[in-house]
Amino acid sequence: MTPGHDARFGEQGGQLTYSDYLRLADLLAAQVPESDPASHDELLFITIHQVYELWFKLLLSELTDARDRMLAGETYLPRVRLERCHVVERVLVGQVDVIDTMTPQDFLVFRTKLAPASGFQSVQFREIEFLSGLKDPDFLRRFRGLTGPERERLERRLVEPSIWDGFLAVLGRAGFDVGDAEARFGAYQEIAADRERYGPLWDLAEALVGHDQAFSLWRARHVLMAERQIGTKPGTGGSAGGAYLRSRVETRFYPELWELRSRL
């Protein structure tokens, strides 16, 4: 062995393989189509949604860390975390193009196998909404298919501070009054008017808007995908399908930051 060579790295080390590290045997065994006879496009459908859930898991990690750091008064790393989320969210939008390669006829071959499963039931997606500031306690009442641990996760997200609470904590530490909406708008306008002095606060606010905008774009792209696949049919989980998705497009995590544009 050459001097300084570390046998723990490279194939000579033999301590951990790529497959073991990524748990590929478990991961690649998780795509189990339900249709019989097998539908060719069901593997595509399962894969793309499992990939979404993996991205959601990463987003929750990044957003939670951003929130925690803002609650501690930080501005730099929360913005870095949010900028990573923006990149992931652009991937979420782009992945819809993969689903669009499936025709409505091919989807119909296995769609009945999905009921009552639906993307409406994605607990991680709801966690992202709750954590981002869009908390909806009625979701726990409307959706009865939650497991005990899933319900506990959502209940925890409902009561814990949101990203928005973290942002207001940062503003409070900077000396701004955030006690009511008009006081907050005064703070936003002061920050916007003096970006030389308040650059980190402005950049953090813009990172929040970027996160909000990215999810709005994902919702809009999702609407078009659903209408391309099922038209006006109800969703497999019993929702109104495209009509429900369309009603969510205008949803905003941080409406005050959007209204600020009209007040500048």
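An unreviewed UniProt entry lists the protein under the name Tryptophan 2,3-dioxygenase, with Micromonospora globispora given as the organism.

Moving on, we get to the overall build of the protein. When you go through the protein residue by residue, the secondary structure sums to 13 helices and zero strands. Its helices and strands taken in sequence order, the protein reads α-α-α-α-α-α-α-α-α-α-α-α-α from the N to the C terminus. For the protein, restricting intrachain contacts to residue pairs at least 6 apart in sequence, the fraction spanning at least 24 positions comes to 73%. Accessible surface, the protein as shown: approximately 14700 Å² in total, 55% of it carbon and sulfur.

What follows covers helix α8 (residues 148-159). For α8, spanning 12 residues, the distance from its first C-alpha to its last is 17 Å, which sits close to the expected 16 Å at 1.5 Å a residue. On its buried face, α8 sits against α3 (42-71), α6 (123-132) and α7 (138-142).

Each pocket or cavity is described by its volume, and for the second largest pocket that value is around 150 Å³. What lines the second largest pocket is Leu-27, Leu-28, Ala-30, Gln-31, Thr-47, Gln-50, Val-51 and Leu-54. Among the secondary structure elements, those contributing two or more residues to the lining of the second largest pocket are α2 (24-28) and α3. Looking at the lining of the second largest pocket, the element that brings in the most residues is α3, giving four residues. A per-class count over the lining of the second largest pocket returns five nonpolar, three polar and no charged.

As enumerated under the stated definition, the model contains 22 salt bridges in all. A salt bridge links Glu-127 to Arg-157; its shortest N-O distance comes to 2.9 Å. On the criterion of sequence distance, the pair formed by Glu-127 in helix α6 and Arg-157 in helix α8 is long-range, its members being 30 residues apart. Residue Arg-157 is classed as buried on the basis of its relative accessible area, which comes to 8%.

About the thresholds
- Residues numbered from 1 in each chain as written.
- Predicted model: local features only at pLDDT ≥ 70, side-chain atom pairs only at ≥ 80, totals over all residues.
- Heavy atoms only, no water.
- Helix = DSSP H or I, 4+ residues; strand = E, 2+ residues; numbered from the N terminus.
- Contact = heavy atoms within 4.5 Å.
- Areas by Shrake-Rupley, 256 points an atom, 1.4 Å probe, with all protein chains shown as cover.
- Expected span 1.5 Å × (residues − 1).
- 1 Å grid on protein atoms, 1.4 Å probe; cavity = no way out; pocket = protein on both sides within 12 Å on 5 of 7 lines; lining within 4 Å.
- Points joined across faces, edges and corners; volume = space filled by probe spheres on them.
- Nonpolar A, V, L, I, M, F, W, Y, C, P; charged D, E, K, R; others polar.
- Salt bridge = Lys/Arg side-chain N within 4 Å of Asp/Glu carboxyl O.
- Buried < 20%, exposed > 50% of the residue type's maximum accessible area, 1.4 Å probe, protein only.

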